[in-house]
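Now for the letters of each chain:
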Amino acid sequence: MKTDTPQTIYLKDYTPPAYLVDTVDLDFSIESGGTVVTSTLAMRRNPLVSARPLVLDGEELETLDVTVDGAKVPFLASASSLTVDHLPDAFTLRTVVRIKPDGNTRLSGMYRSKDGYFTQCEAQGFRRITWFLDRPDVMSTYTVTLHADKATYPILLANGNPVANGEEANGRHWAKWADPFRKPAYLFALVAGKLDGLFDTFTTASGRTVQLAIYVEPGKLDQCPHAMAALQKSMLWDEERFGLECDLDHYMIVAVGDFNMGAMENKGLNIFNTKYVLARADVATDVDFENIDRVVAHEYFHNWTGNRVTCRDWFQLSLKEGLTVFRDQEFGADLHNRQTARIREVRGLRAAQFPEDAGPMAHPIRPASFVEINNFYTATVYEKGAEVIRMIQTLIGRDAFRAGMDEYFRRHDGQAVTCEDFVAAMAAASGFDFTQFMRWYNQPGTPRVAVDGHFDEETKTFTLTCTQANPRASDESPYLIPLRVALFAADGNLLPGSERLLQLTATTQSFVFENIAVEPVPSLLRDFSAPVYLDFDYTPEQLTVLLAHESDPFNAWEAGQRLATQLILDAAAAIAAGQEPVWPASFVDAARKLLQTQAGVGNFGGAAFVAEALTLPGETTLAELMSVVDPDALHAARNGLRRHLAEQLEGEFSGLYAGLTVNEPYAPSSEQAGRRALRNLCLAYLLELDTLSVRQLALQQFKTADNMTDQFAALAALANVNAADCPQREQALADFYAKWKNEALVVDKWLQAQSTSRRPDTLATVKALTAHPAFDIGNPNKIYALIRAFGANLVRFNAADGSGYAFIADQIIVLHDRNPQVASRLARCFDRWTKFDAGRQAHARRALERVRDHAGLSRDVLEVVTRALG
Ligand code: PHE
Ligand code: ZN
């Protein structure tokens, strides 16, 4: 589709809607040639706004009829708007349009997938269904009637409660749904398909019964019980933690294989990517099971944070997303393992959000402008947004945070509000002054906090001097940064009374600890109390003390990451200079200690923690710390350290591998998952040695595993083997595909194991796979698994000859019109192109310019590529 010159939309230009829609009545007649949508809207002028014509949003609609109060009216229609003037103060607007869901490849609006018709309306998909005021501050009560062929589409669903249904001529049937809650159009959903359903109930704290249903592709009911249990656990958790009860009589989840995102919180009718619903021990990994818990919870939690209280405009997206991610993180931590949950959150933030915040798409969690809102469903809005909410809780405490949530709902239930409204409720409940804190909402960039420690023997004081900077911010004024700290003695004892929550408010600020007898080791940014880079000039000895004795699990892990980071960056520099890297024995000793104790370090740990601690920082995270990224040297350095650990600790890895077997039947419990994670980590380290016996061990595990976690871990490790000739690798890949070729989500894993491989021939493999029957350019999951995952493969995507760049550019061009949202996500692979050497930059620039200059480029891709080119 050809787009006009893209317009930038500004937060400062917000104005309230000129008209309001009290009720919406929709009638969908679904036929093979198209769907006719009849919309009847009870509208009135917004009394707060002076008289203006009515301008409705629409996209790819064939307008058949427009009437006001039953009479034909003159109207002005363009491709994207329908304007009606000279309207009374209150009126009924009826429009009839035809849409073509079968030809809708963008998966926005109403579209066809294998088993029927589905909708996706956030952010601006409703306008692809009917003429409407498609903005979140227009909230209405909906009734919906669906008509379709009964044999082909036996299941007809919409938001709310079923009120009536019946048969019609020609083998058709109809169903009518009514949603008692006012909602914005982006929460509308319908489904018409042939689906199987799993049914259950939940009884709320006040004794109401909610009917629960999960609808999936026929034959997949045995992959639904985990999601159902996750839903019930989420409902209970939200009552216990936040006093929030489900307000619905019917809560439905529908899984669809073609979906741009993870899942969608449509009121009472969530639509999910199958990836976040379907699970069974033999097809889903421990991580999949945990992700399903989190995503099911996330969408359920939106029922309050997003649906009951929604966003005034799309700039406020983090109001619902940051808060809801924070809530699903807390749920996940309570359900699984709080220690490793926090570690993984930070690992993810550093791998995705920190680079985003340093690149061309950097934006505040509440952006000030955008061209295409779909480009702002980002790690910043979601994950950094969640960190901002977490900081609020850290600053005022858990009880005041809960009181703030209560106050937020007391003030704003049923409204469309702003981030300020949320913070104001928190301020009212706590008395805390958030004026300076609002900077977190309004500035892009990751602040850097440099800390200096000074011990004074005379006065027996230890002074921490903290200096903050954020070069990406538009001005220099400081943030309010909560900095959790503690002091440790050199022997590893926590100094009593030294645990403090410092509030940094000035550019440079000192904090004095009294009665300190000997120079302590400071533990800084405990539990990652703020999303910042924290610089402190630690010695390896100090980090080893923290790794062994920290009482904060996050910072114990962090100490190990800091040690490894320094080693890898030094080694990369050595390799780039043609020298051999050096690996100090102290690091190996620390790793050995972790493996030996296996109970972890300090007062916590377990296998899950040790697995996290022995996972080296990723290449993408490390690349952010280099001024010019040399991906080959970085790759060689990181894998060199992995191999060195494998050589030095072969006995420990083998011993643990043999000892960590799980002897009970598979369960995705955090206890079992932790054991599998560590055992599979041992296998992957051992494969660095690439001996015949280890290859055979991996193949053996691949063949005998009774669960996907172990089977896939063996496959992924083998897929990474570099040797040109590795028959075990070939066999595992061939067997895996033969066994799972009819299980779409497992095929995605097969593609991803190959696209993320470190092998030098990975690009050739990926190219060949684009023509394999396993691949489908119409399916976002396949594109993410094969193409985007390749774009995240730092060493292969950034090949010196530019071949990786050219390939991704080709794919963006193939996709930009077919599915602009997915194409735009692919374009984000280029975010960090200016961090590389001149040769790579020249190749990347050429690839980006080729995309930019492609005729009729979609607005989504154009915004990303234009920003990348600066
Ligand atoms: N609102 C969804 C969520 O975070 C994400 C989403 C956005 C899905 C846009 C589809 C389209 O839960
Ligand atoms: Zn969300």
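Residues numbered from 1 in each chain as written. Chains lettered and ligands numbered in written order. Predicted model: local features only at pLDDT ≥ 70, side-chain atom pairs only at ≥ 80, totals over all residues.

The subject of this paragraph is the overall build of the protein. Helix and strand counts for the protein come out as 27 helices and 31 strands. At 28 Å, the protein has a C-alpha radius of gyration in line with the 29 Å of a compact globule built from 870 residues. Residues counted as buried form 52% of the 870 residues belonging to the protein. Within the protein, counting contacts between residues at least 6 apart in sequence, those at least 24 apart form 70% of the total. (Helix = DSSP H or I, 4+ residues; strand = E, 2+ residues; numbered from the N terminus. Rg over C-alpha atoms; globule rule 2.2 N^0.38 Å. Buried ≥ 20, exposed ≤ 12 C-beta atoms within 10 Å, placed from the backbone. Contact = placed C-beta atoms within 7 Å.)

This brings us to the UniProt feature "domain: Aminopeptidase N-like N-terminal" (unreviewed entry) in the protein. Listed under "domain: Aminopeptidase N-like N-terminal" (unreviewed entry) in the UniProt record, and renumbered for this structure, are residues 104–187. From the first C-alpha to the last, residues 104–187 spans 19 Å; its make-up is 0% helix and 54% strand. (UniProt positions renumbered as here; feature names shortened; annotations may be inferred.)

This paragraph deals with the environment of leucine 692. With respect to the helices and strands, leucine 692 occurs in helix H17 (residues 692–704). Take leucine 692: there are 8 C-beta atoms within 10 Å of it, and that puts it in the exposed class. With 34 residues separating them in the primary sequence, leucine 692 and cysteine 726 have C-alpha atoms 9.4 Å apart.

What follows is about helix H22 (residues 780–791). Along H22, 12 of the 12 residues are buried, which leaves the element largely enclosed by surrounding structure. Residues of H22 that are buried include every one of Pro780, Asn781, Lys782, Ile783, Tyr784, Ala785, Leu786, Ile787, Arg788, Ala789, Phe790 and Gly791, and no others. Tucked into the core, H22 has its buried residues touching strand S21 (269–273), helix H20 (744–755), helix H21 (762–769), helix H23 (794–797), helix H24 (803–815) and helix H25 (820–827).

Let us now look at the sheet that holds strand S13 (residues 155–158). As summarised here, the arrangement of the four strands in space is S10-S11-S16-S13, forming an open sheet in which the pairing is antiparallel. Among the strands making up the open sheet, the edge pair consists of strand S10 (109–113) and S13. Here the strands of the sheet are splayed against their neighbours by 15 degrees on average, with no regard to which way each runs. (Pairing = 2+ DSSP bridges. Axes fitted to C-alpha atoms, helices over the stretch in contact; angles between N-to-C directions.)

Now for the pairing of strand S15 (residues 172–184). Pairing between strand S12 (residues 139–149) and S15: 10 bridges, direction antiparallel. Bridging from a neighbouring strand, histidine 147 pairs with tryptophan 174 of S15. The sheet contact formed by strand S14 (residues 161–167) and S15 spans six bridges and is antiparallel. Residue pairing across strands places proline 162 opposite tryptophan 177, the latter belonging to S15. Hairpin connection from S14 to S15: four residues lie between these consecutive antiparallel strands, with asparagine 170 at a positive phi of about 60 degrees.

We now examine the nonpolar core. Judged by nonpolar contacts, the single largest core of 264 residues is most densely connected at Leu146, Val254, Val277, Leu683, Leu715 and Ala827. Residue contacts for valine 254: discarding those within four places in its chain leaves Leu157, Val191, Leu195, Tyr215, Leu269, Ile271 and Phe272. (Core = buried A, V, L, I, M, F, W, Y, C linked by C-beta atoms within 7 Å.)

Taken together, Gln120, Glu122, Met261, Ala263, Met264, Glu265, His298, Glu299, His302, Glu321 and Tyr377 make up the full set of residues adjacent to ligand 1. Listed by contribution, the elements that provide at least two residues to the shell around ligand 1 are strand S20 (263–264) and helix H2 (286–301). Considered class by class, the residues forming the shell around ligand 1 number four nonpolar, three polar and four charged. (Near = placed C-beta within 6 Å. Nonpolar A, V, L, I, M, F, W, Y, C, P; charged D, E, K, R; others polar.)

Moving on, we get to helix H6 (residues 398–412). Counted at 1.5 Å a residue, the expected span for H6 with its 15 residues is 21 Å, and the 21 Å between its end C-alpha atoms agrees. Among all positions in H6, only Phe401, Gly404, Met405 and Tyr408 are buried. Along the axis of H6, the buried positions cluster into a sector of 100 degrees, meaning they face one direction only. Pointing more than 90 degrees away from the buried face of H6 are the exposed residues Asp399 and Arg410. Residues of H6 that are buried make contact with helix H1 (225–242), helix H5 (379–396) and helix H7 (419–430). Once H6 finishes, glycine 414 follows within two positions and takes phi at roughly 85 degrees, a positive value. (Expected span 1.5 Å × (residues − 1). Arc of directions from axis to C-beta.)

Let us now look at the pairing of S21. Counted residue by residue, S21 has five buried out of five residues, so it is predominantly covered. In terms of strand pairing, strand S19 (residues 250–256) meets S21 through five bridges, oriented parallel. In the sheet register, valine 254 faces S21, and the bridge partner there is isoleucine 271. Both S20 and S21 contribute to a ladder of two bridges, which runs antiparallel. Note on S21: the bridge partner recorded for alanine 263 is phenylalanine 272.

A word on the UniProt feature "domain: Peptidase M1 alanyl aminopeptidase Ig-like fold" (unreviewed entry) in the protein. UniProt's feature table lists "domain: Peptidase M1 alanyl aminopeptidase Ig-like fold" (unreviewed entry) at residues 445–536, given in the numbering used throughout. Split by type, residues 445–536 is 0% helix and 48% strand. Its first and last C-alpha atoms lie 20 Å apart.

Now for the sheet that holds S20. Spatially, five strands are ordered S17-S18-S19-S21-S20 in an open sheet, and the strand pairing comes out mixed. Unpaired on one side and paired on the other, strand S17 (196–203) and S20 mark the two borders of the sheet.

With that settled, consider the packing of helix H10 (residues 553–576) against helix H14 (residues 631–648). With their axes 8 Å apart at the nearest point, H10 and H14 run at an angle of 125 degrees to one another. Put simply, H10 runs oblique to H14. Of the two elements, H10 crosses H14, and the hand of that crossing is right-handed. On H14, the residues touching Ala564, Leu567, Ile568, Ala571, Ala572, Ile575 and Ala576 of H10 are Ala633, Leu634, Ala636, Ala637, Arg638, Gly640 and Leu641. Looking at the contact of H10 with H14 residue by residue, the class counts come to 12 nonpolar, one polar and one charged. (Parallel < 35°, antiparallel > 145°, perpendicular 65-115°, else oblique. Left-handed = near helix turned anticlockwise from the far one by under 90°.)

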